[in-house]
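# Geometric and topological summary
So you can see what is in the structure, the chains are spelled out below.
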Amino acid sequence: MAGAQQPQLAFIDGTFEELAQEMADFLNIGDEVKPLVEKQQRDDILKKLIIASPALHSIPEKEFAGAYNLLVYLVLQSDKVEMFLPRVCDNLMKPVTSSPINGPGLGLNVLTTIFNMLRPNDEMRYNVFMAILRFLKFHGMFENLKPYLKNLDSWMADWGTDAEDQRQAFEAIAEAAQEAGDSHTSYQYILKALRTFEDEEVKSEEAQKIALRALRTSLLSSQQYDFRDLLSVPCVQALAETHPVYYELLTIFAEKDLEDYSQFREEHEGFVEKERFDLEKLQTKMRLLSFASLAARTQTREIPYADIAKALQISMEEVELWIIDVIRAQLVEGRMSQQKKVFLVHRTTYRVFGEKQWRQLGDLVDTWRDTLTKVASTLRKEQANLEAQKKRELEEVERKMTNTGMGGVDRRRAGGERGDRGPRKERTDEDD
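### A look at the pairing of strand 2 (residues 332-337)
Direction of pairing for strand 2 relative to strand 3 (residues 342-348): antiparallel, over a ladder of six bridges. Paired with Val332 across the two strands is Thr348, which belongs to strand 3. The hairpin turn running from strand 2 into strand 3, its antiparallel successor, is four residues long, and Lys341 in that turn takes a positive phi close to 60 degrees.

Next up, the structure:
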């Protein structure tokens with residue numbers, strides 16, 4: 001869809017009137033169109049062709065693309081493309097009865113061809129894009145669109161799309177993504193829709209409706225745990241005045257813990273049920289977020305199982321299951337010590353980062369600094385002890401070597417003194 005290649009069209013040689021007559025004959029309305037062709041009444045010719053064009057959905061599969069390409073080519077020769085082209089796109093929403101299996105692919109290929117035949121800056125591309133989006137949603141083919149969404153902002157800039165049309169497209173994408181089970185993409189495009197409102201529109205009925213939709217999507221999503229982007233949107237901030245209970249619930253999930261959520265439910269009894277929130281999903285999400293907060297404020301990076309059980313209001317037997325869940329949600333990284341009954345935190349996610357978190361970070365840095373100071377002091381002490389030990393050992397070796405040398409001199413000296421006495425005199429009879 002992103003390309004601008006000119007498709008290969010069937011019956012492309014000939015004048016408009018000749019091609020239109022061929023198309024009419026193919027649709028079995030040649031006799032009706034012939035007088036219009038003779039009078040060169042192009043708009044009336046196109047009306048007849050487009051009204052009859054659903055018949056193309058029953059022709060053989062191999063002829064489908066060529067026939068539709070010819071019809072599109074004829075429409076693009078008109079001065080009233082904006083009147084005829086949307087009708088062609090609408091007809092493509094109808095099933096291709098001649099090819100139940102490949103029909104959606106055939107229809108999508110024709111719509112893509114129409115998109116690529118238009119000039120990059122033609123505002124009619126917006127209408128075709130919306131038709132493609134409706135088609136993909138209807139046939140459950142949203143994944144086919146995702147690779148092209150990165151181009152959408154630049155395309156809309158080329159088309160000169162106003163804020164209202166942008167918002168309509170973003171909402172449609174969010175809805176299609178939600179139906180396809182892609183809650184992350186859905187949430188991102190609801191945020192984009194909210195950002196199209198001007199400051200004076202943030203409290204309008206439409207803006208607040210979309211803001212509530214974004215709030216519900218974020219709370220119920222199993223992938224969304226960071227609410228800072230949502231809280232920064234003016235339309236959502238306006239909920240504090242227009243829907244204060246909803247806004248309070250959002251701030252609890254953004255900044256607070258399970259205990260605060262339980263207190264909210266007591267103070268606003270029945271609110272969650274009345275607004276049809278999924279209680280189990282909210283409770284699960286609040287426990288995971290509370291776990292993340294507990295890990296973030298633990299300076300020792302070692303959390304006893306008992307503390308986890310208390311914070312999450314669960315039994316000790318459930319702690320390890322929740323540890324697995326919070327790691328799977330990528331809110332915390334660490335490992336369990338089943339022997340010590342503690343969870344060792346390696347990394348955690350800060351849900352908010354305000355003055356309180358800066359103080360906690362400062363305390364944590366102080367702890368690390370004290371620990372590193374103690375480690376450095378211990379290392380210096382051990383190094384000094386090692387050097388002293390080496391010095392003592394060296395002195396001992398030198399002492400032994402000195403003692404060994406002195407002993408050899410004394411023995412030589414003793415031998416020399418004996419040698420000074422001269423040879424021993426032999427004993428004779430006169431000695432008796």
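### Thoughts on helix 6 (residues 103-117)
When the terminal C-alpha atoms of helix 6 are compared, their 21 Å separation across 15 residues agrees well with the 21 Å that a helix rising 1.5 Å per residue should span. The element helix 6 is extensively covered by neighbouring structure, given that twelve of its 15 residues are classed as buried. The inward-facing, buried residues of helix 6 abut helix 4 (61-76), helix 5 (81-91), helix 7 (124-138) and helix 8 (152-159).

### What about the nonpolar core?
If you look at the biggest cluster of nonpolar residues, it comprises 122 residues, and the most contacted ones within it are Leu49, Phe129 and Leu194. Broken down by element, the residue count for this core peaks at ten residues, all from helix 7.

### Quick notes on the packing of helix 9 (residues 163-179) against helix 11 (residues 205-220)
To characterise two packed helices, one gives the angle between the axes of the helices and the distance between these axes. Direction vectors running N to C along helix 9 and helix 11 enclose 25 degrees, while the axes themselves pass 13 Å from each other. Between helix 9 and helix 11, the angle is such that the two are roughly parallel. Viewed along their axes, helix 9 and helix 11 form a crossing whose handedness is left-handed. Between helix 9 and helix 11, the residues in contact are Arg167, Glu171, Ala174, Glu175 and Gln178 and Glu206, Ile210, Arg213 and Thr217, respectively.

### Points about the pattern of salt bridges
Under the criterion given, the structure shown has 18 salt bridges. For Glu241, the salt bridge is made with Lys203, and the minimal N-O distance between the two is 2.7 Å. With a gap of 38 residues between them, Glu241 in helix 14 (residues 239-242) and Lys203 in the loop between helix 10 (183-194) and helix 11 connect regions that are remote in the sequence. In the salt-bridge network here, residues are joined through shared partners; they are Lys137, Glu175 and Glu179.

### What to know about the sheet that holds strand 3
Overall, antiparallel pairing links the three strands, which are arranged 1-3-2 in an open sheet. The open sheet is flanked by strand 1 (302-304) and strand 2, the only strands paired with a single partner. Direction aside, neighbouring strands of the sheet carry axes that sit 30 degrees apart on average. Looking at chain direction, strand 1 and strand 3 are connected through three bridges and run antiparallel. Bridging across to strand 3, Glu302 finds its partner in Leu344. On the sheet, helix 18 (residues 279-296) packs against strand 1, strand 2 and strand 3 and is oriented at approximately 90 degrees with respect to strand 3.

### A look at the environment of Val128
Within the secondary structure, Val128 is located in helix 7. Residue classification places Val128 among the buried positions, given a relative accessible area of 1%. Expressed as a C-alpha distance, the spacing of Val128 and Pro86, which sit 42 residues apart in the sequence, is 7.3 Å. Ignoring any residue separated from it by four or fewer positions in sequence, one finds Val128 in contact with Leu85, Cys89, Leu111, Ile114, Phe115 and Leu118.

### Quick notes on the side chain of Arg125
When you line up the elements, Arg125 lands in helix 7. There is no salt bridge for the buried Arg125, and the closest opposite charge comes from Asp158, which lies 6.6 Å off by N-O distance. A distance of 3.0 Å separates the side chain of Arg125 from the backbone oxygen of Phe115, its partner in a polar contact.

Rules used in this analysis
Residues numbered from 1 in each chain as written. Predicted model: local features only at pLDDT ≥ 70, side-chain atom pairs only at ≥ 80, totals over all residues. Heavy atoms only, no water. Pairing = 2+ DSSP bridges. Helix = DSSP H or I, 4+ residues; strand = E, 2+ residues; numbered from the N terminus. Expected span 1.5 Å × (residues − 1). Buried < 20%, exposed > 50% of the residue type's maximum accessible area, 1.4 Å probe, protein only. Contact = heavy atoms within 4.5 Å. Core = buried A, V, L, I, M, F, W, Y, C linked by side-chain atoms within 4.5 Å. Axes fitted to C-alpha atoms, helices over the stretch in contact; angles between N-to-C directions. Parallel < 35°, antiparallel > 145°, perpendicular 65-115°, else oblique. Left-handed = near helix turned anticlockwise from the far one by under 90°. Salt bridge = Lys/Arg side-chain N within 4 Å of Asp/Glu carboxyl O. Lys, Arg positive; Asp, Glu negative; His and termini not counted. Polar contact = N/O pair within 3.5 Å; in protein donor to acceptor, adjacent residues only side chain to side chain.

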